[in-house]
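# Observations on the model geometry
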Amino acid sequence: MADIGPQDVAPATLAPPEPHVVVLFGASGDLARRKLLPGLFHLDRAGHLSDCRVVGTSLEAMGNAEFRRLARKACESFGRGRVDEADWDRFERRLSWVDGTTGPEGLADAVSQAEADIGEECRRLHYLSVPPAAAASVIKTLGEAGLVERSRIIMEKPFGTDLASAQRLNAMVHEVFDEEQVFRIDHFLGKEAALNILALRFANGLFEPIWSRNFIDHIQIDVPETLTVEGRGSFYDQTGAFRDMVVTHLFQVLAFVAMEPPVELAPAAITVEKDKVFRSMKGIRPEDVVRGRYRGYRDAPGVSADSDTETFIALKCRIDNWRWSGVPFYLRTGKAMAEGARIISIAFREPPKSMFPEGSGVGRKGPDHLTFDLDESSRISLSYYGKRPGPGMFVDKLSMQFSLSEIENQEDTLEAYERLIRDAMGGDHTLFTTAEGIEELWNTAAPMLEEPPEALPYERGTWGPGEIHDLIAPHRWRLPFQRRWRG
Ligand code: BG6
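This text gives an overview of the structure that appears in the document. Fair warning: this is a prediction, and the values are worked out from it, not measured in the lab. (Residues numbered from 1 in each chain as written. Predicted model: local features only at pLDDT ≥ 70, side-chain atom pairs only at ≥ 80, totals over all residues. Heavy atoms only, no water.)

### As for the pairing of strand β9 (residues 312–317)
Our working definition: For every residue, the accessible area (1.4 Å probe, protein chains only) is compared with the maximum for its type, and the residue is labelled buried under 20%, exposed over 50%, or partly exposed between those bounds. Counting from the N terminus, the helices are the DSSP runs of H or I reaching at least four residues and the strands are the DSSP runs of E reaching at least two. By definition, two strands form a pair when at least two bridges between them are found by DSSP.
Across the 6 residues that make up β9, a large majority, 6, are buried. A two-sided burial pattern is seen for β9, the buried positions comprising F312, A314 and K316 on one face and I313, L315 and C317 on the other. Direction of pairing for strand β8 (residues 289–294) relative to β9: antiparallel, over a ladder of 4 bridges. In the strand pairing of β9, G292 is matched with F312. Of the pairings in the sheet, the one linking β9 to strand β10 (residues 329–334) comprises 6 bridges and is antiparallel in character. Residue pairing across strands places A314 opposite R332, the latter belonging to β10.

Okay, structure coming up:
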């Protein structure tokens, strides 16, 4: 095939989804203010929505004007860039409010009014930004309000707290909605950088042939956070690092890294491959886990004084299939840690024999790595040994790096929630998780949940309890990086 330069091909564009009424449950809550309202505003201003109305609701009492003020403040505080008056005027007219206390009838009236505004038959997207305990009653309300037809629902994690509760939750959802209507959101999969894992693996001939136990030694998925649980103590104390981050985000990312090439880049095909990874994962053994709790956690508002919740977890997991047999995956995440980062690091096997003279430096700085940074900058780095200039043969660790900021149209980037809301509006399940997938993950988690090891104390601003080094030995945690990202 002849080489074609990027200038020769117009990038494919996606038509906006059909007109929608979005019903936002929990519309005055933290997630709505930080992500969902600014996200919808951005989608609107960037031309990703066709006609759309947003009906906000929660147990708080407020009117349209107050909701619009709350939304504006949210977009100003948490959105990207300045709020342009013309953009805001258009968006604001799309917003209305209904008090949750008005029940199914009140909700049905508000939605039908919004639909009448659009003036044609439209789709409904119900976004359940509510605590898990409230999900059941919202779903019941939607059924009673007759808002199931033409609709899809986005559900926020946690999807249960163990296998039995996830099964109950799924069964309850399926009493009202078909699985096809359900979009279980995991915002890590909406990150540009997570999608780049698929692009890098499957759009190139270079990496896939070496993507297996024959060439890869081990893999790390490391998401330390500097923030504490301050402000969300009561949610966090019921959840903990394992349920909040591992069974959700880290396992989902692991599936992108480990899955077989799907037969096509389409929802069903990708789901099949992801679910196969989940089925192949061995149960997480308590002896492969380091749990931790930062000092002072129990004093945080909303946290019980004798809490056993972990704020840190590091674990080794294994995927029992031909591609990955014998390759450990090390996962780590925690609050109040030394640095915030979100990296996936693929460590390649070392050469079978070194012909370099003693002291040349080969292998001195660990194995070659391919590193993905899941941050907004979506960086990728390939580190390798290269010759140090000058006489003799001494080698140093060098790297080839790429950052999203080097791409011309980086302003087209959608924030994770924006991308996922748009996908759900288009009925695209690719980046969402099935009931079956969720249940498999709880199955994998069961041994650790049944016998969690003791949560060890760690100081704030560190990398977790010292035991993490034994867990990964003879390897080492990539973070903190020996060399910083460039730029
Ligand atoms: C959320 C967790 O789902 O993800 C939080 O509940 C965590 O505890 C957050 O801080 C991390 O997301 P991001 O996109 O900021 O890395």
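### A word on the nonpolar core
Where a protein is soluble and globular, its nonpolar side chains tend to be buried together. Condition: Think of a nonpolar core as a cluster: buried Ala, Val, Leu, Ile, Met, Phe, Trp, Tyr and Cys residues, connected wherever their side-chain atoms sit within 4.5 Å. Contact between two residues is taken to exist if any of their heavy atoms lie within 4.5 Å; hydrogens are not considered.
Formed by 141 residues in total, the largest nonpolar core has its most connected members in M155, L254, F329, L331, I344 and I346. When residues of this core are assigned to their parent elements, the largest contribution, 14 residues, is made by helix α8 (residues 233–258). Excluding anything up to four places from it in sequence, I344 contacts I197, I219, Q220, I221, V253, V257, L370, T371, F372 and L374.

### Comments concerning the sheet that holds strand β14 (residues 395–402)
Applicable threshold: Every axis corresponds to a line fitted to the C-alpha atoms, with the helix fit spanning only the stretch in contact, and the corresponding angles, defined between N-to-C directions, vary from 0 to 180 degrees.
Pairing within the open sheet is mixed, and its 9 strands lie in the order β14-β13-β12-β11-β7-β10-β9-β8-β15. With partners counted over all chains shown, the strands left at the sheet margins are β14 and β15 (455–458), one partner each. Each neighbouring strand pair of the sheet contributes to a mean axis angle of 20°, computed without reference to strand direction. Along the sheet, helix α7 (residues 192–202) contacts β11 (343–348), β12 (369–373), β13 (380–387) and β14; its crossing angle with β12, the most-contacted strand, is approximately 140°.

### Focus: the environment of E339
Checked against the element boundaries, E339 lands in the loop between β10 and β11. Here E339 falls in the partly exposed class, since its relative accessible area comes to 24%. Sequence spacing of E339 and V111 is 228 residues, and the spatial spacing of their C-alpha atoms is 45 Å.

### A closer look at helix α9 (residues 267–280)
Stated formally: What a helix is expected to span follows from its residue count: subtract one and scale by 1.5 Å.
Here α9 contains 14 residues, and its C-alpha end-to-end distance of 20 Å stays within 8% of the 20 Å for a straight helix at 1.5 Å per residue. In this structure, the buried side of α9 is in contact with α7, α8 and α11 (435–450).

### Overview of the site of the ligand
The line we're drawing: Near residues are defined by distance, with any heavy atom within 4 Å of the molecule or strand qualifying the residue. We call two N or O atoms a polar contact when they sit within 3.5 Å, provided that within protein one can donate a hydrogen and the other can accept it, with sequence-adjacent residues counted only if both atoms are side-chain atoms.
Around the ligand sit K157, H187, F188, K191, E225, R232, D244, M245, H249, K335 and R342, and that is every residue in its neighbourhood. K335 is positioned such that a nitrogen or oxygen atom in its side chain is 2.6 Å from an oxygen atom of the ligand. One of the side-chain N or O atoms of R342 is found 2.5 Å from an oxygen atom in the ligand.

### Quick notes on the sheet that holds strand β2 (residues 52–58)
Sheet strands pair by backbone hydrogen bonding; their relative direction is either parallel or antiparallel. The 6 strands are arranged β3-β2-β1-β4-β5-β6 in an open sheet whose pairing can be described as parallel. Of all the strands in the sheet, just β3 (95–99) and β6 (182–184) have a single pairing partner and so form its edges. Direction aside, the axes of adjacent strands within the sheet are offset by 20° on average. As judged from the 3 bridges shared by strand β5 (residues 151–155) and β6, these two strands associate in the parallel manner. Across the sheet, M155 pairs through a bridge with R184, a residue of β6. In this fold helix α1 (residues 30–45) packs onto β1 (20–25), β2 and β4 (123–128), with an angle of close to 170° to the strand it touches most, β1.

### Some points on the packing of aromatic side chains
The following threshold applies: Aromatic rings from Phe, Tyr and Trp, taking only the six-membered ring of Trp, are treated as a pair when their centres fall within 6.5 Å; an angle between ring planes under 30 degrees marks them as stacked, one over 60 as edge-to-face, and anything in between as tilted.
In the structure shown here, the tally under the stated rule is 11 aromatic pairs. Centroid distance F41 to F91: 5.3 Å. Interplanar angle 55°. Geometry classified as tilted. Taken together, the residues F41 in helix α1 and F91 in helix α3 (residues 85–92) connect sequence positions 50 residues apart. In this structure, F41 and F91 share a single accessibility class: buried. With a centroid separation of 6.3 Å and 70° between ring planes, the pair formed by Y236 and Y297 is classed as edge-to-face.

### What about the side chain of T57?
One can find T57 in strand β2. Residue class for T57 comes out buried when judged on its relative accessible area of 3%. Here the side chain of T57 touches G100 through a polar contact of 3.5 Å, landing on its backbone nitrogen.

### Things to note about the packing of α1 against helix α2 (residues 64–78)
The condition is simple: Angle categories: roughly parallel below 35 degrees, roughly antiparallel above 145, roughly perpendicular from 65 to 115, and oblique for all the rest. Amino acids are sorted into nonpolar (Ala, Val, Leu, Ile, Met, Phe, Trp, Tyr, Cys and Pro), charged (Asp, Glu, Lys and Arg) and polar (every other residue, Gly among them).
It is at 8 Å that the axes of α1 and α2 come closest, and there the two elements cross at 95°. Between α1 and α2, the crossing angle belongs to the class labelled roughly perpendicular. Contacts between α1 and α2 involve R33, R34, L37, P38 and F41 from the first element and F67, L70, A71, A74, C75 and F78 from the second. The class makeup of the residues in the contact of α1 with α2 is 9 nonpolar, no polar and 2 charged.

### A short note on the packing of α8 against α11
Heads up, the rule is: For any pair of crossing helices, the crossing counts as left-handed if the nearer helix is rotated counterclockwise from the farther one by less than a right angle, and right-handed if it is rotated clockwise.
One can describe the packing of α8 onto α11 by two numbers: an axis separation of 11 Å at closest approach and a directional angle of 140°. The orientation of α8 with respect to α11, classified from their angle, is oblique. In this structure, α8 meets α11 at a crossing whose hand is right-handed. Residues F242, R243, V247, F251 and Q252 of α8 form the contact with α11, whose participating residues are L441, W442, A445, M448 and L449. Taken together, the residues that form the contact of α8 with α11 break down as 8 nonpolar, 1 polar and 1 charged.

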